[in-house]
Amino acid sequence: MQECGMPLDLSKWESLWEENGDDSGARIETEVAGPSSGPYTNGHATPNGPGIPSTPLAHVPWLRKTEYTSRTDNTARGWTHRVVPPIDVSHSAQLRDIEASFACCNEGFSLEALRHPTKPDVTAVESYEVLPDVEIWSNQYDLFRFSERPGERPIDVEDPRLDCAILRPMKTEHDSFLAYYLTDDDESALDFKESRSKLQPYEVAPNQPETVFRFVRDYETVKVEQEVPNEFLIVLEDGVEDLKPSIDGSDTKPRRNAKTRGAYYKNIERKMTLKKKRQNAFEQYEDKWDLIRMSHTDMSKEEEDERQEALAEVVDPMFLMRGDADADGEGEVDHETVALSNAPSDFPLPMEI
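Now for a description of the structure that goes with this document. Note that the structure is a prediction, hence the values are computed from the model and not measured.

**Points about the overall build of the protein**
Counting its regular elements, the protein contains six helices and 15 strands. Counting every position in the protein, which comprises 353 residues, the buried fraction comes to 21%. Considering only intrachain contacts with a sequence separation of at least 6, the fraction spanning at least 24 residues in the protein is 72%.

Structural data, given as structure tokens:
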């Protein structure tokens, strides 16, 4: 019998063959062959030839000595611990760093040196700081493109009704679409836009007249883009108060709070392409309106809170840090953070896009 290649003589183990056998005198004799002293080793000729001892094999221990790095070794190699100074995240420090970044980018700026990337004959005449539009930041804007001009008027005829239309979401059992409404005439549309331009944002005039919008036709969506990263709503401001008569015509006051000179932007949420929906006289609507009488009312407490939450993105300097704290489930209130969030006097901050 062989165990792992070694011959074993089991006849010397009495306990394997006889009951109560005595194996005390049994032992295993092994013979390990050393390096051959002949001219051949494992079938190959030795370079030393016969009678010349071969080079002994190198001795490699099973376990090497474990080497540990220590503080003493690191010090000897010149490694030192560098203390990082604390970062100032206060309101004034943020304003200072932001203004410094703009100063660095605008050093040596010249309008004459600007060149249009594709129109070499176009020259720049003015430059504006790009700022978030705080007045409309809490609103969500969608961009609609029509496959053909709505309103049933020729394309060369002006239609002032188109920029104050109403799109109402509709739904049937198997489809969803948009109902399109316009004012009865141009005068109604002009009066509506004029009355809104004389008010502050979100201001509701007393005894305001209703504006009537009538159903024109239904439109269905052809394409919807849920993310629009490169298109914005831009409003250019020259920093001059726009004085217009008040809603009752008694005095003259600014149309809204005067802004500093700049280009104010708001991102667009979605883009939709619309086409006329084929009319079906037998199609049943859940809630079809032929006429809308529109007026304005004050926002509820829930709507005002939602607006302030959206507005905090551009007026609260600790907005991003507050979001991280909410995600981590931290319930402690930082009084310094609260004080900063209630002091938006120097905001909106300039932003580059």
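Text resumes after the structure shown.
**With respect to the sheet that holds strand β10 (residues 232-237)**
Sheet architecture is open: three strands sit in the order β5-β13-β10, paired in mixed fashion. At either margin of the open sheet sits one strand with a lone partner, and together these are β5 (130-132) and β10. Taking the axes of each pair of neighbouring strands and ignoring which way they run, one obtains an average angle of 35° across the sheet.

**Re helix α4 (residues 301-315)**
The terminal C-alpha atoms of α4 lie 20 Å apart, and with 15 residues this matches the ideal 21 Å at 1.5 Å per residue to within 8%. Among all positions of α4, only Arg 307, Leu 311, Ala 312, Val 314 and Val 315 are buried.

**Some details on the packing of aromatic side chains**
Applying the stated criterion across every chain yields a total of seven aromatic pairs. Measuring from ring centre to ring centre gives 5.6 Å for Tyr 180 and Tyr 219, while their planes differ by 75°; the resulting arrangement is edge-to-face. Within this pair, whereas Tyr 180 is found in strand β8 (residues 176-183), its partner Tyr 219 is found in strand β9 (residues 211-225), the two being separated by 39 residues in sequence. An identical accessibility class is assigned to Tyr 180 and Tyr 219; each is buried.

**Focus on unusual backbone geometry**
Despite not being glycine, Glu 152 has its phi angle at roughly 60°, a positive value. In this fold, Glu 152 is placed in the loop between β6 (142-146) and β7 (166-171). Positive phi values are uncommon outside glycine, yet Asn 207 reaches one of about 55°. Among the structural elements, Asn 207 can be located in the loop between α3 (186-197) and β9. With a relative accessible area of 81%, Asn 207 lands in the exposed category.

**Digging into the nonpolar core**
Counting residues in each nonpolar core, the largest one holds seven residues, listed as Ile 166, Met 170, Phe 177, Ala 179, Tyr 181, Phe 213 and Ile 292. When residues of this core are traced back to their parent elements, those giving at least two are β7 and β8. Other than its neighbours up to four places away in sequence, Ile 292 contacts Ile 166, Tyr 181, Thr 211, Val 212 and Phe 213. Core analysis: the next-biggest nonpolar cluster, separate from the first, contains six residues, Leu 182, Tyr 219, Met 272 and Leu 274 among them.

**Quick word on the pairing of β9**
Bridge count between β8 and β9: six bridges; the pairing is antiparallel. Bridge pairing links Thr 183 to Phe 213 in β9. Both β9 and strand β14 (residues 270-276) contribute to a ladder of six bridges, which runs antiparallel. Residue Glu 225 lies in a different strand from β14, and its bridge partner there is Lys 271.

**A word on the layout of surface pockets**
One number sums up the size of the largest pocket: a volume of about 1900 Å³. Lining the largest pocket are 39 residues, with Ile 136, Asn 139, Tyr 141, Asp 163 and Phe 192 positioned closest to its centre. Elements represented by at least two residues in the lining of the largest pocket include exactly β6, β7, α3 and β10. Across the lining of the largest pocket, the residue classes break down as 22 nonpolar, six polar and eleven charged.

How each quantity is defined
- Along each chain, residues carry numbers from 1 onward, in the same order as the chain's sequence is written.
- Where totals are concerned, whole chains, interfaces and linings use all residues; where local detail is concerned, this predicted model gives features only for residues with pLDDT of at least 70, and gives and counts side-chain atom pairs only at 80 or more.
- Computation of side-chain values: all heavy atoms of the structure, hydrogens and water removed.
- Helical segments are the DSSP runs of H or I of at least four residues, strand segments are the runs of E of at least two, and each set is numbered from the N terminus.
- Think of it in three bands: with a 1.4 Å probe and only protein chains considered, a residue is buried below 20% of the maximum accessible area for its type, exposed above 50%, and partly exposed in between.
- When checking whether two residues touch, look at their non-hydrogen atoms; a contact exists if any pair is within 4.5 Å.
- In short, DSSP must find at least two bridges between two strands for them to pair.
- Fitting a line to C-alpha atoms yields each axis, with helices limited to the stretch in contact; the angle taken between N-to-C directions then spans 0 to 180 degrees.
- Expected span, for any helix, means 1.5 Å times one less than how many residues it has.
- Here is the rule: rings of Phe, Tyr and Trp (six-membered ring for Trp) pair when centre to centre is within 6.5 Å. Planes less than 30 degrees apart are stacked, more than 60 are edge-to-face, and the remainder are tilted.
- In these notes, a set of buried Ala, Val, Leu, Ile, Met, Phe, Trp, Tyr and Cys residues joined through side-chain atoms within 4.5 Å is what counts as a nonpolar core.
- Cavities and pockets were defined on a 1 Å grid built from protein atoms only: a cavity is a group of points that admits a 1.4 Å probe but offers it no way out, a pocket is an open group of points flanked by protein on both sides within 12 Å along at least five of seven lines, and a lining residue is one with an atom within 4 Å of any such point.
- Grid points are joined across faces, edges and corners, and a volume is the space filled by probe spheres set on the points.
- Note that Gly is not counted as nonpolar here; it falls among the polar residues with everything else outside the nonpolar set of Ala, Val, Leu, Ile, Met, Phe, Trp, Tyr, Cys and Pro and the charged set of Asp, Glu, Lys and Arg.

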